[in-house]
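# Topology and contacts: notes
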Amino acid sequence: MNEKKAIKSTEQNSIQTKLGKALNLNKHVSSVVGKKIGKQVVPSKKPQSETIKDLMTLGEMIKYKRTKSKLSIKKTAQLCGISDKTLRTVENGGNINTLTLMTIINMLGLKMTLGE
């Protein structure tokens, strides 16, 4: 039993550490935005609705926020500690790990609320 508790505790600490890093990355992004980073990033079109009803709309909102902040896919992925491919998958409405999604959302300064 103690071994199961230790494993669960380790997993929770890992999640808390990753979320903590994501929140610190958000502060870093604020300092990076405004500086010229490689090629110019063209802002994408803002989704018509701010209510996320599917993964495609969520991806569009993430892409909009990233491009509005003038962050490239490569730079954003680096800041999140994920691959470019994973970020592209998210922006194109693909499935993603919840912890990774929360990292991206927090890093970009998006707010997520759940409703009925």
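Since this is a predicted model, take the numbers as computed values, not measurements. (Residues numbered from 1 in each chain as written. Predicted model: local features only at pLDDT ≥ 70, side-chain atom pairs only at ≥ 80, totals over all residues. Heavy atoms only, no water.)

### A closer look at the overall build of the protein chain
Put simply, the rule reads: Here a strand is any run of E in DSSP of at least two residues, a helix any run of H or I of at least four, and the numbering for each starts at the N terminus. Note on exposure labels: buried denotes an accessible area under 20% of the residue type's maximum, exposed denotes more than 50%, and partly exposed covers the range between, all computed with a 1.4 Å probe on protein chains only. By the convention used here, residues are in contact when the closest approach between their heavy atoms is within 4.5 Å. Only the protein chains shown count as cover for residues, and all accessible areas are computed by the Shrake-Rupley method using a 1.4 Å probe.
For the protein chain, the helix and strand inventory stands at five helices and zero strands. Secondary structure elements in the protein chain, listed N-terminal to C-terminal, are α-α-α-α-α. A buried classification covers 30% of the 116 residues belonging to the protein chain. Here the analysis covers contacts within the protein chain between residues at least 6 apart in sequence; of these, 60% occur between residues at least 24 apart. Within the structure as shown, the protein chain displays about 8,300 Å² of accessible surface, and the carbon and sulfur contribution to it stands at 52%.

### Things to note about unusual backbone geometry
Phi at K70 is positive, roughly 60 degrees, even though this residue is not glycine. Secondary-structure assignment places K70 in the loop between α2 (55-68) and α3 (73-80).

### Side note on the environment of G59
Relative to the elements of secondary structure, G59 occurs in helix α2. Judged by relative accessible area, which is 0%, G59 ranks as buried. Residues G59 and L87, 28 residues apart in the sequence, show an inter-C-alpha distance of 9.0 Å. In this structure, G59 is in contact with V90 and E91, ignoring residues within four places of it in sequence.

### Re the nonpolar core
Condition: Residues enter a nonpolar core if they are buried and are Ala, Val, Leu, Ile, Met, Phe, Trp, Tyr or Cys, with the set joined through side-chain atoms within 4.5 Å.
Grouped together as the largest cluster of nonpolar side chains are 18 residues, with contacts concentrated most on I62, I82, L87, I104, L108 and L110. When contributions to this core are tallied by element, the ones reaching two or more residues are α2, α3, α4 (84-91) and α5 (98-107).

### A look at α3
Inclusion rule: Taking the helix axis as origin, the arc is that swept by the directions to the C-beta atoms.
Along α3, the residues that are buried comprise I73, T76, A77, L79 and C80. In a view along the axis of α3, the buried residues occupy a sector of 160 degrees, so they form one face of it. Within α3, the exposed residues directed more than 90 degrees away from the buried face are K74 and Q78.

### Concerning the side chain of E91
Summarising the element assignment, E91 is placed in helix α4. Each residue touching E91, except ones within four places of it in the same chain, is listed here: G59, E60, I62, K63, R66 and I73.

### As for the packing of α3 against α5
Just so we agree on the cut-off: Axes here mean lines fitted to C-alpha atoms, for a helix over just the part in contact, with angles spanning 0 to 180 degrees between N-to-C directions. If an angle is under 35 degrees, it is roughly parallel; if it is over 145, roughly antiparallel; if it lies from 65 to 115, roughly perpendicular; otherwise it is oblique. Two helices cross in a left-handed way if the nearer one is turned anticlockwise from the farther one by less than a right angle. They cross in a right-handed way if the turn is clockwise. Under this grouping Gly is polar, as are all residues other than the nonpolar Ala, Val, Leu, Ile, Met, Phe, Trp, Tyr, Cys and Pro and the charged Asp, Glu, Lys and Arg.
Packing of α3 against α5 brings their axes to within 10 Å, and their N-to-C directions diverge by 115 degrees. It follows that α3 is roughly perpendicular to α5 by the angle criterion. The hand of the α3/α5 crossing is right-handed. In this structure, α3 contributes T76, L79 and C80 to the contact, and α5 contributes T103, I104 and M107. Classifying every residue of the contact of α3 with α5 gives four nonpolar, two polar and no charged.

### Remarks on the pattern of salt bridges
Rules: Just to be clear on terms, a salt bridge is a Lys or Arg side-chain nitrogen sitting within 4 Å of an Asp or Glu carboxyl oxygen.
According to the stated counting rule, one finds one salt bridge in the structure shown. The closest approach of N and O atoms between E91 and R66, which form a salt bridge, is 2.6 Å. Note that E91 is positioned in helix α4 and R66 in helix α2, a separation of 25 residues in sequence. Residue classification places E91 among the buried residues on the basis of a relative accessible area of 6%.

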